[in-house]
Amino acid sequence: MKILYGMQKPDEGTITIDGDQAVFHSPADAIARGIGMVHQHFMLADNLTVLENVVLGGEKLYGIGAKARNKIKEISDAYGLGVRPDALVEDLGVADRQRVEILKVLYRGARTLILDEPTAVLVPQEVEALFDNLRELKAEGLTVIFISHKLGEVLKVADEITVIRRGTTVGTADPKTTTSKQLAELMVGSELPSPETRESTVTDVAMLKVAGLQLAATDPDGVVRDVLSNVSFTIHKGEVLGIAGVEGNGQAELVEAIMGMRDPDGGVITLDDIDISHAPTRKRRESGVGYIPEDRHRHGLLLEAPLWENRILGHVTERPNSKGGLLDNRAARVDTERIVREYDVRTPGIDVTAASLSGGNQQKLIVGREMSHTPKLLIAAHPTRGVDVGAQAQIWDQIREARREGLAVLLISADLDELIGLSDTLRVMYRGRLVADADPATITPEELGSAMTGAASGHLEHVEGEESGTDGGEDR
């Protein structure tokens, strides 16, 4: 993808567009030839508005005023993107950021779209809406390169499939005649892993209690609103509590309140019978809270630092990283090598930067780091977002193994199969409240997706043969 977008130069081989051979020295060359890319980790400036992000670098197209605004509105309406030009990007959830990225590419007149893991942050109803958009783009003569690890979606939306394993094309497939199982075997050389958790390990010992949690925030218009409203739940030792919700309904703020990154306005947070409601983040970390952040680049890694320095992050005062109040670099390096080995982090060594690893290997490093301190509570926000099926299976295994040993897990994920498969208990979050609960053994992804859009509340019961009644298009 980076080569196709002019970010990296190939050693050999050719790229042909409309019959003409093309050589790209930069993304500007690729854009000029009608190629646009939506990265898995979005390339947006947080401190600028949506409009400013879209026109940045493309000022010559429609200026920076009314003409640009009209063009953005026209594209947004045409593809149902629902983009607000004056919203600050830092105030947007991940799903909204993705729509801004798609709009940015279309604004530059792209005829070939490269979409990297575009459905990782969407609920089933929103995925359907995106697929409708892609079909519209295709109908208008655009080409879409759709990169995804969700095989069912690939089979549903693609006209043809190419499978790449370890940098080599290993096969092509016809979506009309290929099954997910066959595709998985091409991809990883074995059967597709499942997040299914069979035996229950839930104990009656409460590890995390959240009672009446309240948090208010000021929105861009200066209006104070509740982002968390009377949130209460308990997670026991050996239990995975899954929270489902469309991005931007308070899940991120809930995690930040439990981690100490935001001070709640009301309510009590208790870890292992100790009140940590207003304790500093470091104290919570030292008390046994592990954290896999939803955005590994913004909150999980120092991209330009070597792997061994990243191993120290968040655990500066704990062994093996420190001894007698001083950093112990040698011990940290030795332990990083152990993590690389045990968690199958594919890297030439521990002195390379985190930025040089693929997304899946970055994630495995973070999971290894957090699990190395035998946490009492693991907060896992989108733990397998944008990682390949092999890495996904390893991360699921690590969570299951730690759960068997008594770990309490708060799991937040947009992958509904993952949520249903890993969770012992499921709650649905909508507009800052826990509005529904469901039994993971009986609920379907479609029913869960319906509740996430506010169409259902209370206890969700699976009804045989009943269709979920929402298009998921509202309340984004």
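Residues numbered from 1 in each chain as written. Predicted model: local features only at pLDDT ≥ 70, side-chain atom pairs only at ≥ 80, totals over all residues. Heavy atoms only, no water.

Engineer: Would you mind showing me how to read the pattern of salt bridges here?
Structural biologist: Two side chains with opposite charge may pair up if their charged atoms get near one another. Per the stated rule, a full pass over the model turns up 24 salt bridges. Ionic pairing is found between Asp77 and Lys73, a salt bridge with its closest N-O pair at 3.0 Å. Placement of the pair is Asp77 and Lys73 together in helix α4 (residues 66-78), with a separation of four residues, close to one helical turn. Bridged by salt links that share partners, the residues Arg311, Asp335, Arg338 and Glu342 form one connected network. (Salt bridge = Lys/Arg side-chain N within 4 Å of Asp/Glu carboxyl O. Helix = DSSP H or I, 4+ residues; strand = E, 2+ residues; numbered from the N terminus.)

Engineer: Any chance you could explain helix α5 (residues 94-107) here in plain terms?
Structural biologist: Within an α-helix, residues lying three or four positions from one another point in the same direction, as the helix has 3.6 residues per turn. In a regular helix each residue adds 1.5 Å, so 14 residues correspond to 20 Å; α5 covers 20 Å between its end C-alpha atoms and thus fits that length. Buried residues dominate α5, accounting for 13 of its 14 residues. The first or second residue beyond α5 is Gly109, which carries a positive phi of 80°. (Expected span 1.5 Å × (residues − 1). Buried < 20%, exposed > 50% of the residue type's maximum accessible area, 1.4 Å probe, protein only.)

Engineer: Help me understand the sheet that holds strand β5 (residues 143-147), please; the structure alone is not making it clear to me.
Structural biologist: A sheet is described by the order of its strands in space; here three strands give the open sequence β3-β4-β5, paired in parallel fashion. A single partner strand is all that each edge strand has here, and the edge strands are β3 (35-38) and β5. Mean inter-strand twist for the sheet, computed between neighbouring axes without regard to direction, equals 15°. In the sheet, β3 pairs with strand β4 (residues 112-116) via four bridges, with the strands oriented parallel. Along β4, the bridge assignment pairs Ile35 with Thr112. Docked against the sheet, α5 engages β3 and β4, running at close to 170° with respect to β3. (Pairing = 2+ DSSP bridges. Axes fitted to C-alpha atoms, helices over the stretch in contact; angles between N-to-C directions. Contact = heavy atoms within 4.5 Å.)

Engineer: Mind showing me how you'd approach helix α14 (residues 359-371) here?
Structural biologist: Across its 13 residues, α14 extends 18 Å between first and last C-alpha, which sits within 8% of the 18 Å expected from 1.5 Å per residue. Buried residues dominate α14, accounting for 12 of its 13 residues. Buried residues of α14: Gly360, Asn361, Gln362, Gln363, Lys364, Leu365, Ile366, Val367, Gly368, Arg369, Glu370 and Met371, and no others.

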